[in-house]
Amino acid sequence: MLSLLDVSFNSLSGAISEKIGKSKLSIVFLSKNLLKEVPSTNHMSNLSYIQVIDLSSCNLGPRFPKWIQTLKNLTILNLFNTGISDTTPLEFWDMSPSQIAYMNLSSNDISGIVPDLSSNFANGSIIDLSSNNFCGPIPNVSSTMSVLNLSRNKFSGGISFICQIVGGLLSFLDLSHNSLTGQLPDCLWHFKDLRVLNLGHNNLFGRIPPSIGSLIELQVLYLYKNNFFGELPLSLKNCTSLISLNLGANKFSANVPVWIGENLSGLYVLILRSNKFFGTIPLQSCQLAKLQIMDLSINNFHGTIPSCLSNLTGMVQQGFSQDVQFHIPYFSETYVDHAMIEWQGDEREFFTTLKLLKSIDLSSNKLSGEIPYEITNLSDLIALDLSKNALFGEIPQKIGEMKNLLTLDLSRNSFSGRMPSSMRIPTSTQLQSFHTSRYNGKIGLCGPPLTKKCPRDEGSKVPLVIGESEGDGEDVDELHIWFYVGGGIGFVTGFWIACGGLLLNRRGRHAFFHFYDSFRDWVYVKVVVFISSLQKARQT
């Protein structure tokens with residue numbers, strides 16, 4: 001007797017057969033099809049054998065399929081991206097299957113309150129309710145879950161619920177893109193297995209609690225765009241498994257602790273942008289050999305740029321650092337590849353392609369001194385932004401030899417001297433699309449592609465027109481304009497005088513075209529005779 005049906009990843013269309021409800025199937029995969037029109041509860045309520053059902057990326061909407069709550073043996077349910085825009089019935093959350101191991105309702109428009117997630121879940125269960133319109137407080141959560149994704153909803157209130165998960169197995173917690181408020185409670189020691197903690201894009205505030213140091217398996221800490229403040233807790237240095245640390249767009253202050261470079265050697269993403277950090281950039285940050293993204297922009301750093309940044313070998317070696325090890329369940333390594341990056345003047349969200357990006361952004365600080373020439377050794381660097389600082393001196397001559405550099409922003413500093421010959425900008429393609437403000441503030445620069453000539457360039461003076469002085473350039477430009485205007489008007493006038501005469505005078509028009517035909521025939525005869533003469537001469 002058939003117990004498994006798998007027709008996923010096809011182009012099946014129409015309604016899901018009502019005969020499924022009369023079968024004894026236990027596993028049904030219908031995902032990635034064009035199926036729609038879910039059978040009614042009456043036809044599906046006999047599916048007492050169903051344990052696994054996957055309808056992802058089918059068109060089931062807009063109503064929530066109520067028959068699902070009658071599946072008493074259900075362990076795996078996947079309704080990802082099915083077009084449901086209904087409110088989940090309370091009976092759905094009260095269903096009492098034996099053990100739910102996987103529930104995915106993500107990427108729909110499901111609304112309503114999630115009252116309880118604290119029972120009927122197997123050890124290591126995965127619950128994904130992301131990208132919907134669920135509202136209200138965060139629900140009670142089972143301590144047996146390993147993955148909980150409630151991101152991109154409308155949940156509100158605090159997150160003190162995590163203190164109730166005693167002895168939990170949670171390894172992945174994503175509450176980002178909600179409206180959560182309050183402080184992060186100091187009870188994180190419950191989560192010894194937590195590898196991903198994403199609380200970004202909320203309204204949380206306060207200091208990071210010291211218990212963060214208990215998360216010794218943590219690989220991703222994402223607190224972007226909240227209102228956390230104060231110093232980073234010393235205990236964070238115990239999180240030596242960190243691969244991605246994103247604390248951007250908060251209100252952290254004080255110096256950047258030296259233990260980031262000394263203890264968190266596995267980092268390949270470090271984002272501290274848009275905070276209130278001050279002091280100098282610690283030399284210990286040069287010990288982050290695997291680092292590929294360094295964003296310290298929009299802070300109050302002063303002093304010089306450390307020349308030891310050339311030790312960031314992750315920006316020298318081609319491709320992604322193979323030494324970085326991912327041990328993140330469910331979302332695998334693709335979840336690590338996520339960050340908000342300033343790219344060509346705009347803030348963009350990078351996902352799976354982030355590991356291909358190698359970037360240093362130190363813009364909008366108070367850094368001074370010259371650009372260390374050692375930075376040109378970062379041969380695989382793709383983006384370098386040092387704009388809006390107080391840097392001076394000449395631009396390193398070898399900066400143009402960084403062949404992989406796609407974005408270079410040195411604007412609003414005090415550089416002087418010649419533009420390096422190695423970075424002559426071609427007058428074509430997308431480089432011409434940059435606004436002229438990109439060169440603002442570089443008063444001392446000279447040489448192509450800038451119009452200002454360098455003093456030591458021989459013959460750099462543009463020859464003046466006779467009678468022209470350096471101060472009457474505007475008069476010359478105006479003269480040129482009127483010359484072209486007058487020439488154009490004269491051409492149009494002469495053209496219509498000649499053509500108008502032919503159009504109005506019939507005898508003149510006949511005489512003109514008769515002359516034209518005779519002249520054409522004369523030219524034709526002359527050409528033919530000339531070619532014939534050449535052929536005869538060649539034969540003799």
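Here the structure is a predicted model, which is why all the values come from computation and not from measurement.

Draft legend 1. Structural detail: the overall build of the protein. The number of helices and strands found in the protein is 5 helices and 35 strands. Residue burial in the protein is summarised as follows: out of 540 residues, 47% are buried. Surface summary for the protein: the accessible area is close to 27,500 Å², and the carbon and sulfur share equals 56%.

Draft legend 2. Summary view of the pairing of strand β16 (residues 179–183). Burial along β16 is one-sided: the residues Leu180 and Gly182 are buried and none of Ser179, Thr181 and Gln183 is. Pairing between strand β14 (residues 154–157) and β16: 2 bridges, direction parallel. Paired with Ser156 across the strands is Ser179, a residue of β16. As judged from the 3 bridges shared by β16 and strand β18 (residues 203–206), these two strands associate in the parallel manner. When the bridges of β18 are listed, Gln183 appears paired with Phe205.

Draft legend 3. Spotlight on the environment of Met145. Looking at the secondary structure, you find Met145 in strand β13 (residues 145–149). Residues Met145 and Ile126, spaced 19 residues apart in sequence, show a C-alpha to C-alpha distance of 6.3 Å. Aside from chain neighbours lying at most four places away, what touches Met145 is Leu117, Phe121, Ser125, Ile127, Leu169 and Leu170.

Draft legend 4. Layout of the state of the cysteines. For the coordinates displayed, the defined rule picks out 2 disulfides. Two residues share a disulfide in this structure: Cys163 and Cys187, whose sulfurs sit 2.0 Å from each other. Around the S-S axis, the bridge from Cys163 to Cys187 shows a dihedral of about -85° and counts as left-handed. One end of the pair, Cys163, is in the loop between β14 and β15 (172–174); the other, Cys187, is in the loop between β16 and β17 (196–198), and 24 residues separate them in sequence. Cys187 gets classed as buried once you look at its relative accessible area, which sits at 5%. Sulfur-sulfur distance for the disulfide between Cys286 and Cys308 comes to 2.0 Å. Negative torsions about the S-S bond denote left-handed disulfides, and the value of about 65° found for Cys286 with Cys308 makes this one right-handed.

Draft legend 5. Examining the pairing of strand β26 (residues 300–303) more closely. Of the two faces of β26, only the one carrying Phe301 and Gly303 is buried; Asn300 and His302 on the other face are not. As judged from the 2 bridges shared by strand β24 (residues 276–279) and β26, these two strands associate in the parallel manner. The residue of β26 that forms the bridge with Phe278 is Asn300. As paired elements, β26 and strand β30 (residues 366–369) share 2 bridges and run parallel to each other. Within β30, the residue paired with His302 across the bridge is Lys366.

Draft legend 6. Representation of unusual backbone geometry within the structure. Residue Ser57 is not a glycine yet carries a positive backbone phi of 60°. On the secondary structure map, Ser57 appears in the loop between β5 (52–54) and β6 (76–78). Positive phi, normally seen in glycine, also occurs at Lys225, with a value near 65°. Following the sequence through the fold, Lys225 ends up in the loop between β19 (220–222) and β20 (227–230). The partly exposed category is assigned to Lys225, whose relative accessible area is 44%.

Draft legend 7. Looking closely at the nonpolar core. With 103 residues, the main nonpolar core has Leu129 and Leu221 as its most contacted residues. Contributions of two or more residues to this core are made by α2 (90–93), β7 (100–104), β10 (121–128), β13 and α3 (259–263). Apart from residues no more than four positions distant in its own chain, Leu221 is found in contact with Leu197, Ile212, Leu236, Leu242, Ser244, Leu245, Asn246 and Leu247. Grouped together as the second largest cluster of nonpolar side chains are 9 residues, Ile126, Phe172, Val220 and Tyr224 included.

Draft legend 8. Main features of the packing of aromatic side chains. Evaluation of the coordinates by the stated rule reveals 7 aromatic pairs. Between Trp93 and Phe134, the ring centres sit 6.2 Å apart and the planes meet at 70°, which makes this aromatic pair edge-to-face. One end of the pair, Trp93, is in helix α2; the other, Phe134, is in strand β11 (residues 133–137), with 41 residues separating them in the sequence. Phe134 shares its class with Trp93; the two are buried. Arranged with centres 6.4 Å apart and planes meeting at 5°, the rings of Phe228 and Phe252 form a pair that is stacked. Of this pair, Phe228 sits in strand β20 while Phe252 sits in strand β22 (residues 251–255), and the two are 24 residues apart along the sequence. The buried category is assigned to Phe252, whose relative accessible area is 0%.

Definitions and cut-offs
- Residues numbered from 1 in each chain as written.
- Predicted model: local features only at pLDDT ≥ 70, side-chain atom pairs only at ≥ 80, totals over all residues.
- Heavy atoms only, no water.
- Helix = DSSP H or I, 4+ residues; strand = E, 2+ residues; numbered from the N terminus.
- Buried < 20%, exposed > 50% of the residue type's maximum accessible area, 1.4 Å probe, protein only.
- Areas by Shrake-Rupley, 256 points an atom, 1.4 Å probe, with all protein chains shown as cover.
- Pairing = 2+ DSSP bridges.
- Contact = heavy atoms within 4.5 Å.
- Disulfide = S-S within 2.5 Å.
- Core = buried A, V, L, I, M, F, W, Y, C linked by side-chain atoms within 4.5 Å.
- Phe/Tyr/Trp six-rings, centres within 6.5 Å; stacked < 30°, edge-to-face > 60°.

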